[in-house]
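Residue-level structural notes
One-letter residues, chain by chain:
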Amino acid sequence: MFHKAVLLLYNRLLHFSRDDYQKFSIVNQYNNSEFVMSNDRVIIFDTTLRDGEQSPGASMTKSEKLSIAKSLEKMKVDVIEAGFAIASPGDFESVKAIADSVKDSTICSLSRALDKDIDRAAEALKGANSGRIHTFIATSPIHMEHKLRMQPDQVVEQAVHAVKRARNHVADVEFSCEDAGRSEIDFLCRIIEAAIDAGASTINIPDTVGYAIPEQFGQTIKTLIERIPNSDKAIFSVHCHNDLGLAVANSLSAVQNGARQVECTINGLGERAGNASLEEIVMAIRTRKDLFNIETAVDPQFIVPTSKLVSSVTGFAVQPNKAIVGANAFAHESGIHQDGVLKHRETYEIMSAQDVGWNTNRMVLGKHSGRNAFKTRLEELGHTFETETELNHAFANFKDLADKKHEIYDEDLHLLVSDNAAKHFEDKYELVSLKVTSCTGEIPEAEVVISIDGKEAKGVAQGSGPVDASFKAIESIVASGSELQLYSVNAITSGTDSQGEVTVRLDHSGKIVNGLGADTDIVIASAKAYLHALNLLGAKVVREHPQTAEGV
Ligand SMILES: CC(=O)SCCNC(=O)CCNC(=O)[C@H](O)C(C)(C)COP(=O)(O)OP(=O)(O)OC[C@H]1O[C@@H](n2cnc3c(N)ncnc32)[C@H](O)[C@@H]1OP(=O)(O)O
Ligand SMILES: CC(C)C(=O)C(=O)O
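The model shown is predicted, which means the values in this text are computed figures rather than measured ones.

**Here's the deal with the overall build of the protein**
In terms of regular secondary structure, the protein is built from 19 helices and 16 strands. Within the span of the protein, comprising 552 residues, buried residues form 44% of the whole. Nonlocal contacts in the protein, meaning residues at least 24 apart in sequence, comprise 67% of its contacts between residues at least 6 apart.

**Considering the UniProt feature "domain: Pyruvate carboxyltransferase" (unreviewed entry) in the protein**
Under the UniProt annotation, the feature "domain: Pyruvate carboxyltransferase" (unreviewed entry) is placed at residues 42–304. What you have in residues 42–304 is 44% helix and 18% strand, and the ends, taken at the C-alpha atoms, are 21 Å apart.

**With respect to the packing of helix H14 (residues 371–380) against helix H15 (residues 388–404)**
As a packed pair, H14 and H15 sit with axes 11 Å apart at the nearest point and diverge in direction by 100°. Taken together, the axis directions place H14 and H15 in an arrangement best described as roughly perpendicular. Taken together, the residues of H15 that come into contact with H14 (itself represented by Arg 371, Phe 374 and Lys 375) are Leu 391, Phe 395 and Phe 398. Residues of the contact of H14 with H15, tallied by class, amount to four nonpolar, no polar and two charged.

**A few points about the site of ligand 1**
Close to ligand 1 lie 15 residues, the nearest being Phe 84, Ala 87, Arg 112, Ala 113 and Ile 137. When contributions to the shell around ligand 1 are tallied by element, the ones reaching two or more residues are strand S4 (131–138) and helix H5 (141–148). Partitioning the shell around ligand 1 into residue classes produces eight nonpolar, two polar and five charged.

**Describing the packing of helix H8 (residues 214–227) against helix H9 (residues 247–256)**
At a minimum axis separation of 8 Å, H8 and H9 run at an interaxial angle of 40°. Taken together, the axes of H8 and H9 are oblique relative to one another. When the axes of H8 and H9 are compared, the crossing they make is right-handed. Contacts between H8 and H9 involve Pro 214, Glu 215, Phe 217, Gly 218 and Ile 221 from the former and Ala 249, Asn 250, Ser 253, Ala 254 and Gln 256 from the latter. In the contact of H8 with H9, the residues fall into five nonpolar, four polar and one charged.

**Quick word on the sheet that holds strand S14 (residues 483–491)**
Here three strands make up an open sheet; going across it, the order is S14-S15-S16 and the pairing antiparallel. Because the sheet does not close on itself, it has two edges, and the strands there are S14 and strand S16 (511–519). With strand direction ignored, the average angle separating the axes of adjacent strands in the sheet is 15°. Sheet topology note: the S14/strand S15 (residues 500–508) ladder contains eight bridges and is antiparallel. Counted as the bridge partner of Tyr 487 is Val 504 from S15. Seen against the sheet, helix H18 (residues 522–538) touches S14, S15 and S16 and runs at an angle of roughly 145° to S16.

**Describing the UniProt feature "binding site: Mn(2+)" (unreviewed entry) in the protein**
What UniProt calls "binding site: Mn(2+)" (unreviewed entry) maps, in this numbering, to Asp 51, His 239, His 241 and Asn 275. For this annotated set, covering 225 residues, all C-alpha atoms fall within 10.1 Å of each other, a compact arrangement in space. On the secondary structure map, His 239 appears in strand S7 (residues 235–240). Setting aside chain neighbours within four positions, we find His 239 in contact with Ser 176, Asn 204, Pro 206 and Glu 263. By the secondary structure assignment, Asn 275 is in the loop between strand S8 (261–264) and helix H10 (278–287).

Calculation criteria
- Residues numbered from 1 in each chain as written.
- Chains lettered and ligands numbered in written order.
- Predicted model: local features only at pLDDT ≥ 70, side-chain atom pairs only at ≥ 80, totals over all residues.
- Helix = DSSP H or I, 4+ residues; strand = E, 2+ residues; numbered from the N terminus.
- Buried ≥ 20, exposed ≤ 12 C-beta atoms within 10 Å, placed from the backbone.
- Contact = placed C-beta atoms within 7 Å.
- UniProt positions renumbered as here; feature names shortened; annotations may be inferred.
- Axes fitted to C-alpha atoms, helices over the stretch in contact; angles between N-to-C directions.
- Parallel < 35°, antiparallel > 145°, perpendicular 65-115°, else oblique.
- Nonpolar A, V, L, I, M, F, W, Y, C, P; charged D, E, K, R; others polar.
- Near = placed C-beta within 6 Å.
- Left-handed = near helix turned anticlockwise from the far one by under 90°.
- Pairing = 2+ DSSP bridges.

In structure tokens, the structure reads:
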């Protein structure tokens with residue numbers, strides 16, 4: 001016990017002394033505390049407007065960028081990388097507009113380690129409440145040799161020069177070692193130490209090509225913090241790409257090993273396979289506070305609205321199974337899951353839909369759904385089942401429909417129940433099978449088999465169309481002598497797998513009935529509706545049901 005308490009105290013002291021030292025040193029050094037972030041939370045640096053925009057096809061206009069920046073500000077994102085000021089006059093104007101009007105987040109512009117880039121970034125950031133210049137240079141052997149065509153010594157020199165130049169403009173300077181994920185650790189230590197000495201207060205370790213693996217990447221961050229003598233004078237940041245689908249995992253591993261800034265984007269937008277997604281980072285840190293023991297300032301309520309905004313501005317749809325912001329992230333279709341969630345939400349949900357800005361979670365009715373979800377939804381729609389048999393009957397019809405249709409909507413359910421209500425009449429006629437041939441240049445023909453009081457009968461007829469042929473085939477068996485007064489088809493949901501709802505009005509010697517039929521095949525729906533009408537003409541009520549009168 002004593003041993004544990006000493007350990008706890010030791011850890012706290014270690015934590016505090018590092019935090020305090022960091023805060024004091026940065027405040028003292030620059031005498032401007034605006035940008036200083038304490039070490040007791042993870043700074044969220046959003047780069048949707050810079051790296052996100054590097055997604056082919058994701059270019060945004062100035063006003064679109066401004067509206068996204070405002071949404072990020074509302075979400076309490078700490079740093080917004082608004083663009084790369086030297087890239088184009090438009091990008092310059094966007095950074096400037098955001099710096100001029102977004103006041104609660106730090107606004108940042110990227111720049112190469114070149115004077116002209118840095119000066120342009122500084123100019124765009126002039127109006128910012130809190131502006132940051134983010135300068136970078138590649139540090140991996142492959143980039144230095146083949147892209148920059150520079151010796152490592154020259155790269156260090158250029159990095160130091162760039163940081164100093166940026167510091168002449170602003171107090172808040174971030175330095176990135178591009179392609180750090182493939183850089184040599186000794187060289188990283190050397191250049192980072194020099195960049196911190198030159199005045200960089202944030203050191204970013206990008207896994208530019210998404211090469212890292214979580215455990216190894218976390219270890220790299222830990223080693224850098226431990227080995228670089230002045231590491232306590234800067235906040236270590238990570239910027240992970242998703243080429244192997246590991247951007248979020250790598251970022252989280254870095255946080256566990258001392259990184260206190262994560263660069264990320266809404267919906268994981270970004271160069272090639274994208275960046276670490278902001279929503280996943282924020283919600284992982286929040287949901288697994290037991291492991292991370294740290295927080296972000298982000299208000300998660302704004303996650304879904306911002307995701308939708310980014311998606312609509314860029315035209316990049318969010319995949320339905322995307323964590324947090326995908327349409328299915330809080331949707332349940334399987335009966336066992338639905339039953340669990342209805343009994344106790346947390347059986348299958350580790351976060352709440354409302355926490356991240358959805359209105360609610362969703363129960364999607366489909367072929368995997370069970371009675372509990374089916375009954376609950378129908379109750380919400382105002383339908384109650386009086387007996388278990390009734391529920392079972394409707395549920396069986398629902399399963400039949402679900403086999404034919406991907407998703408069952410409320411409209412389908414209403415129809416299913418009214419259709420089901422019709423079944424409370426003892427049906428004389430039932431459709432067994434229907435085969436229709438309809439070919440260009442040929443007369444449509446229908447072959448129908450119906451059951452009459454349990455006995456099957458077959459009829460064949462031609463007609464002006466497949467529906468007409470089907471009705472004539474039925475009449476060739478039944479010979480009801482009734483007159484068709486109305487035929488209407490309604491697609492009750494959108495999409496080609498929608499159910500067609502058919503109404504057939506028959507008049508038999510002044511007795512008028514409306515038959516209803518529904519099916520994903522409208523010819524079958526029509527035949528069902530016709531038979532339903534015939535049943536109503538001769539139906540004898542077996543037992544009363546409150547919905548029968550309205551539903552039929
Ligand atoms: C990993 C990342 O995401 S980095 C950011 C990537 N984003 C972008 O590139 C988007 C914006 N880029 C642009 O608009 C243009 O590339 C510009 C305006 C920056 C430069 O355009 P250009 O002057 O025509 O150069 P170009 O793009 O053809 O080549 C890049 C040049 O910058 C050099 N360079 C690349 N990175 C750096 C750096 N960090 N510091 C200094 N120089 C660099 C390259 O070596 C190359 O120099 P060279 O022309 O002498 O060979
Ligand atoms: C400029 C840096 C941070 C970058 O975007 C990358 O390395 O991917």
